[in-house]
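# A structural walkthrough
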Amino acid sequence: MAARITENEWTPLEGALPATTSGDTVYVIPTRLPVRDDDEDDKLPRYTDQMRYFPKEARNAAPALPVEFSMPSGSRKFISEYSIDPDMWALGLAVLTLSNDWLIFVTQSFIDMRARAQGWSPEEAQELPLKVSIVETKTSRTVEIEGKGSEVIEALRELKAKNSGGKPIGKK
Amino acid sequence: MARRGRGVGLTLMTWGPIPPSGGPHRDRYLEANGRSALADADEHYAIALGMLGDLAASIPIVHSPLTKPDRDARRAIQQEKAREWAAFNEVVPDEIVEKLAPHIMRSENSAVAAFNFLEDHELAETAHAAIHRAAFMRSGFTGCAVYIKNDGVWTRCSMQIHQIRVGASVGIESDFECSICGLLVEDCDVHMSGLPYPKIAAKTESGKCNICDADTCAHEVGKSYEVIAYGNAKNIKMGEASIVDRPQYPMARIHEHELDFGNLREQHDLVANIERGEIQCQECLGPCEGLIDFRQWMPRVSRKDLSIGGAG
Ligand SMILES: [Zn+2]
Ligand SMILES: [Zn+2]
């Protein structure tokens, strides 16, 4: 089985993208709406609770890793939902270009974090379902990749190879 | 006028650490909590039974589960069991019932907890049977009175409620502050949740110790102490509750529900009887009729009938 890849079908929520995208930084973007829709002044998208510790844990594992939240401290909000975990963990990312060197590393860090949080072995964690949604801010192109962790990583590898050559994203 | 749907009271969260969301950690958490609750249910059932001495040999026995729902058969069994209990209660001294009642209640509550933790475990049926066993004895000795609330008739009978296998989930927005340095946890790269760090003791604005949050304690201001880092929830905002089939908090369940007694305003005698504690739920004397899952149950309630309770 290979990961399912869709291009330009998904759009990030309004306000989710970073104000500026610099060089090789990978930005973690929020993917959820507020828990209440009655506050007109507070419509900014929310991060899921899993993301709260993610950039920090990823940087802790690899200190120079350029990964940060797209939204500045103070405007960031997190939602916890206390039904049991959806099997599929979701990661939203924004990068200047899809040839970013760190996309694979950041995604792997996310899989590793889930392994630690829920007690999976590293091998088991590679088999869990994952969805990664990526925006290329330079072109506004978007890609969504869905599959087992290992399949998503493989798809990211191919994506990087295609985009490093300067060619458009190939068909799956 | 159309009668509103039947009401339900839900517990949303329980005190203590947030249960693991999934994976092997969650499995272990559920099994450990479930087994200890089941052991507690067994222990207190045995204590209650032991208090009966020789009389325990002639205590009424819970009917085996029906193979298919059969309202008439169930009613007949309930009535037969009610007669058996009436006869048995004639010979059991009141002091003994008074003494064993707290144990049987404890056994019932622990059995409910055990089933909530173990519903997907191989011990699920054991825990389920422990609820029936305890509810049957509790009802036999002390009855199962219904009560009036919001112009309706309600019950907390575990026998009726445990059958509904749904739970509650609520979306919550909150900030977490690092317990060591006070930064938002996502902005503090230094302190990892769950690990110990040195922290200098000081008084907070409200005069409490910043190490243990007590007004007076042995921590000396200015001295360094080892403290486990964690996130302190701030600015909590609750969203709407929703019904789910597997709540992250295993005990976030229905804790009471409304029975269909029609319009109470036209039934003064009934209301008076209920207020005197004379109307009893009899379900707990009867056999199990099987469980109702999320999909079967959802169409029976409407959102406005969910009344949300606090921590249980
Ligand atoms: Zn800190
Ligand atoms: Zn009852």
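### Observations concerning the overall build of chain A
Secondary structure assignment for chain A yields four helices and eight strands. Going from N to C terminus, chain A has its helices and strands arranged as β-β-β-α-β-β-β-α-α-β-β-α. Taken along its principal axes, the extent of the C-alpha atoms in chain A is 45 × 40 × 30 Å. Contacts spanning at least 24 positions in sequence make up 66% of the contacts within chain A whose residues lie at least 6 apart. For chain A, the exposed area adds up to about 8300 Å²; of that, 52% sits on carbon and sulfur atoms. The average position of the 22 basic charges and that of the 27 acidic charges among the side chains of chain A differ by 3 Å.

### Digging into the coordination of the zinc ion (ligand 1)
All names here are of chain B. Protein coordination at the zinc ion (ligand 1): the donors are Cys-178 (SG), Cys-181 (SG), Cys-188 (SG) and His-191 (ND1), at 2.1 to 2.4 Å from the metal. Of note is the zinc ion (ligand 1), whose four donor atoms meet at the metal with angles of 96 to 119° in an arrangement that counts as tetrahedral. One chain supplies every donor to the zinc ion (ligand 1), and in sequence these donors are spaced C-x2-C-x6-C-x2-H. Under the relative-accessibility criterion, Cys-178 is labelled buried at 5%. Classification of Cys-181 as partly exposed rests on a relative accessible area of 38%.

### Topic: the coordination of the zinc ion (ligand 2)
Geometry sets the ideal angles at a metal, namely 109.5 degrees for four tetrahedral donors and 90 or 180 degrees for six octahedral donors. Residue and element names in this part refer to chain B. Summarising the metal site, the zinc ion (ligand 2) is bound by the protein donors Cys-144 (SG), Cys-157 (SG), Cys-281 (SG) and Cys-284 (SG), whose distances to it range over 2.2 to 2.4 Å. Viewed at the metal, the four donor atoms of the zinc ion (ligand 2) are separated by angles of 105 to 114°, and the geometry they form is tetrahedral. Spacing between the donor residues of the zinc ion (ligand 2) along their common chain follows C-x12-C-x123-C-x2-C. Of this pair, Cys-144 sits in the loop between α4 (124–142) and β2 (147–149) while Cys-281 sits in the loop between α6 (268–275) and β10 (292–293), and the two are 137 residues apart along the sequence. Assessed through its relative accessible area of 6%, Cys-144 is described here as buried.

### A closer look at the nonpolar core
If you look at the biggest cluster of nonpolar residues, it comprises 37 residues, and the most contacted ones within it are Val-28, Phe-54, Leu-93, Phe-110 and Ile-145 of chain A. When contributions to this core are tallied by element, the ones reaching two or more residues are β2 (26–28), α1 (54–61), β4 (67–69), β6 (89–95), α2 (103–118), β7 (129–136), β8 (141–148) and α4 (149–164) of chain A. Apart from the residues within four sequence positions on either side, Phe-54 of chain A is in contact with Val-28, Leu-91, Val-106, Ser-109, Phe-110 and Met-113 of chain A. By size, the runner-up hydrophobic cluster in this structure holds 17 residues, among which are Leu-12, Val-166, Ile-172 and Ile-254 of chain B.

### Concerning the interface of chain B and chain A
Contacts between the two partners involve 35 residues from chain B and, on the opposite side, 29 residues from chain A. Buried surface at the junction of chain B and chain A, summed over both partners, amounts to about 2700 Å²; 51% is from carbon and sulfur atoms. Applying the counting rule to chain B against chain A returns five salt bridges. With a closest N to O distance of 2.9 Å, Arg-46 of chain A and Glu-173 of chain B form a salt bridge. Where chain B packs against chain A, one counts 14 residue pairs in polar contact (both at pLDDT 80 or more).

### Re α4 of chain B
All names here are of chain B. Taking 1.5 Å per residue as the helical rise, α4 with its 19 residues ought to reach 27 Å, and the 27 Å between its terminal C-alpha atoms agrees with that figure. Within α4, 14 of the 19 residues are buried, which leaves the element mostly enclosed by the surrounding structure. At the exit of α4 stands Gly-143, carrying a positive phi of roughly 80°.

### Section: the sheet that holds β6 of chain A
All names here are of chain A. What the six strands build is an open sheet, ordered β1-β8-β7-β6-β2-β4; its pairing is mixed. Each having just a single partner strand, β1 (4–7) and β4 make up the two edges of the open sheet. The sheet shows a mean angle of 25° between the axes of neighbouring strands, direction not considered. Examined bridge by bridge, β2 and β6 share two bridges and lie antiparallel to one another. The partner of Val-28 across the bridge, within β6, is Leu-93.

About the thresholds
Residues numbered from 1 in each chain as written. Chains lettered and ligands numbered in written order. Predicted model: local features only at pLDDT ≥ 70, side-chain atom pairs only at ≥ 80, totals over all residues. Heavy atoms only, no water. Helix = DSSP H or I, 4+ residues; strand = E, 2+ residues; numbered from the N terminus. Contact = heavy atoms within 4.5 Å. Areas by Shrake-Rupley, 256 points an atom, 1.4 Å probe, with all protein chains shown as cover. Lys, Arg positive; Asp, Glu negative; His and termini not counted. Charge placed at Lys NZ, Arg CZ, Asp CG, Glu CD. Donors = N, O, S within 2.8 Å, 3.2 Å for Na, K, Ca; no water. Tetrahedral: all angles 85-135°; square planar, octahedral: opposite > 155°, others 65-115°. Buried < 20%, exposed > 50% of the residue type's maximum accessible area, 1.4 Å probe, protein only. Core = buried A, V, L, I, M, F, W, Y, C linked by side-chain atoms within 4.5 Å. Buried area = accessible area lost by both parts, 1.4 Å probe. Salt bridge = Lys/Arg side-chain N within 4 Å of Asp/Glu carboxyl O. Polar contact = N/O pair within 3.5 Å; in protein donor to acceptor, adjacent residues only side chain to side chain. Expected span 1.5 Å × (residues − 1). Pairing = 2+ DSSP bridges. Axes fitted to C-alpha atoms, helices over the stretch in contact; angles between N-to-C directions.

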